[in-house]
Amino acid sequence: MRKKIVAGNWKMNKTYSESVPLLYEIKDLLFKSKKGEAVLKVIIPPSLYIHDFYETTKGLKNVFVGAQNCSTEESGAYTGEISAGMIKSVGGNYIIIGHSERRSYFNETHEELKKKTDITLKHGLQPIFCVGETKEKREANEHFKVVEAQINDSIFHLIPDEFKKVVIAYEPVWAIGTGLTATSAQAQEMHRFIRSLIENKYGRVLAQEMSILYGGSCNEKNAAELFACPDVDGGLIGGASLKAKEFVEIIHSFPQ
Ligand code: PGA
């Protein structure tokens, strides 16, 4: 069975002293209800806090911690970088790769994302690999082409045993942080398309096992409709992951 996943991408938000009460609030709310127990919950704070978050959530069922990025390199003279091995060593389990903010503000290329994916897997961590088109590309009806190229160029070189550890997140750039959510029909259409690409490359069994998340202004109000789509297996949540109640409501939004 495909895993249901809700990941909270905190981006560059919250000082340490602001982050601790928020984490405890999320933890308390998760404790109070059995509803989201089977959902994998991934909290992705700034990397500085990973170790502390790992220690705080250790032992909680299906709760994991992740990083928002990693270096393409193993170690060495790369001032300011953080390696996948370091993330693992402090308790991280997932790494977001290819978020649109990194692609656009930090000019990350397909080739770099490929390296980051490889190094993440090499350390036994799971990449959350982001894809998605800009507003211009959607308006030009090129959204499928864009997403296909992103997948082809950075993750389709993987062997099946590696590929099945990847979580794909479809995040239309025009929906990220804008309050504009893709309709459930748009999300389902793209998720199905992504699954069909995987099926053509790796076969039906593997395609059916892959979790494909939706991201982009997903919140406690629209999550239920999005998560009810047959090919949407959860969400990568930005803004709404910074509010404990909203985030946990999203976790509770899967069809029962
Ligand atoms: P958002 O961000 O939920 O604030 O739109 C999603 C993301 O960037 O992962």
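Everything here concerns the structure above.
(A) Main features of the environment of Val-20. Its location among the elements puts Val-20 in helix 1 (residues 16-32). With 212 residues separating them along the chain, Val-20 and Val-232 place their C-alpha atoms 31 Å apart.

(B) Seen up close, the pairing of strand 1 (residues 5-9). Strand 1 sits mainly inside the fold: 5 of its 5 residues count as buried. Of the two faces of strand 1, the one carrying Ile-5, Ala-7 and Asn-9 and the one carrying Val-6 and Gly-8 are both buried. As defined by bridge partners, strand 1 adjoins strand 2 (residues 40-44) across 5 bridges and the pair is classed as parallel. Bridging from a neighbouring strand, Val-6 pairs with Lys-41 of strand 2.

(C) Up close: the site of the ligand. Near the ligand there are 13 residues, and of these Lys-11, His-99, Glu-171, Gly-177 and Ser-217 occur at the shortest range. A distance of 2.9 Å separates an oxygen atom of the ligand from a polar backbone atom of Gly-238. When the free accessible area of the ligand is taken as 290 Å², the share hidden by the protein chains comes to 95%. Looking at the shell around the ligand residue by residue, the classes come out as 4 nonpolar, 7 polar and 2 charged.

(D) Spatial organisation of the side chain of Thr-120. Positionally, Thr-120 belongs in helix 5 (residues 110-122). When its relative accessible area of 0% is taken as the criterion, Thr-120 is described as buried.

(E) Looking closely at the sheet that holds strand 6 (residues 167-170). Strand order in the closed barrel formed by 8 strands is 1-2-3-4-5-6-7-8, with parallel pairing between adjacent strands. Geometrically, the sheet is characterised by an average inter-axis angle of 25 degrees between neighbouring strands, direction not taken into account. Set on the sheet, helix 9 (residues 184-202) makes contact with strand 5 (126-131), strand 6 and strand 7 (212-215); between it and strand 7 the angle comes to about 150 degrees.

(F) Up close: the nonpolar core. In terms of nonpolar packing, the biggest core is built from 65 residues, with Phe-163, Ile-168, Ile-194 and Ile-198 touching the most fellow members. Looking at which element gives the most residues to this core, the answer is helix 9, with 7 residues. Contacts of Ile-198, omitting those with residues within four sequence positions, involve Phe-156, Phe-163, Ile-168, Gly-203, Leu-206, Ala-207, Met-210 and Ile-212.

(G) Spotlight on the packing of helix 5 against helix 7 (residues 143-154). Relative to each other, helix 5 and helix 7 sit at 55 degrees, their axes nearing to 8 Å. Taken as axis vectors, helix 5 and helix 7 run oblique relative to one another. Read as a crossing pair, helix 5 and helix 7 show a hand that is right-handed. Touching His-110, Leu-113, Lys-114 and Thr-117 of helix 5 are Ala-149, Gln-150, Asp-153 and Ser-154, all from helix 7. Residue composition of the contact of helix 5 with helix 7, by class: 2 nonpolar, 4 polar and 2 charged.

(H) Representation of the packing of aromatic side chains. Using the criterion set out here, one finds 10 aromatic pairs in the structure. Here a set of aromatic residues connected by ring pairs shows up, and it is made of Trp-10, Tyr-16, Tyr-49 and Phe-53. For the cation-ring pair, Lys-201 lies above Tyr-202, with the distance from its terminal atom to the ring centre recorded as 5.9 Å.

Parameters and conventions
Residues numbered from 1 in each chain as written. Predicted model: local features only at pLDDT ≥ 70, side-chain atom pairs only at ≥ 80, totals over all residues. Heavy atoms only, no water. Helix = DSSP H or I, 4+ residues; strand = E, 2+ residues; numbered from the N terminus. Buried < 20%, exposed > 50% of the residue type's maximum accessible area, 1.4 Å probe, protein only. Pairing = 2+ DSSP bridges. Near = heavy atom within 4 Å. Polar contact = N/O pair within 3.5 Å; in protein donor to acceptor, adjacent residues only side chain to side chain. Areas by Shrake-Rupley, 256 points an atom, 1.4 Å probe, with all protein chains shown as cover. Nonpolar A, V, L, I, M, F, W, Y, C, P; charged D, E, K, R; others polar. Axes fitted to C-alpha atoms, helices over the stretch in contact; angles between N-to-C directions. Contact = heavy atoms within 4.5 Å. Core = buried A, V, L, I, M, F, W, Y, C linked by side-chain atoms within 4.5 Å. Parallel < 35°, antiparallel > 145°, perpendicular 65-115°, else oblique. Left-handed = near helix turned anticlockwise from the far one by under 90°. Phe/Tyr/Trp six-rings, centres within 6.5 Å; stacked < 30°, edge-to-face > 60°. Lys NZ or Arg CZ within 6 Å of the ring centre and 35° of its normal.

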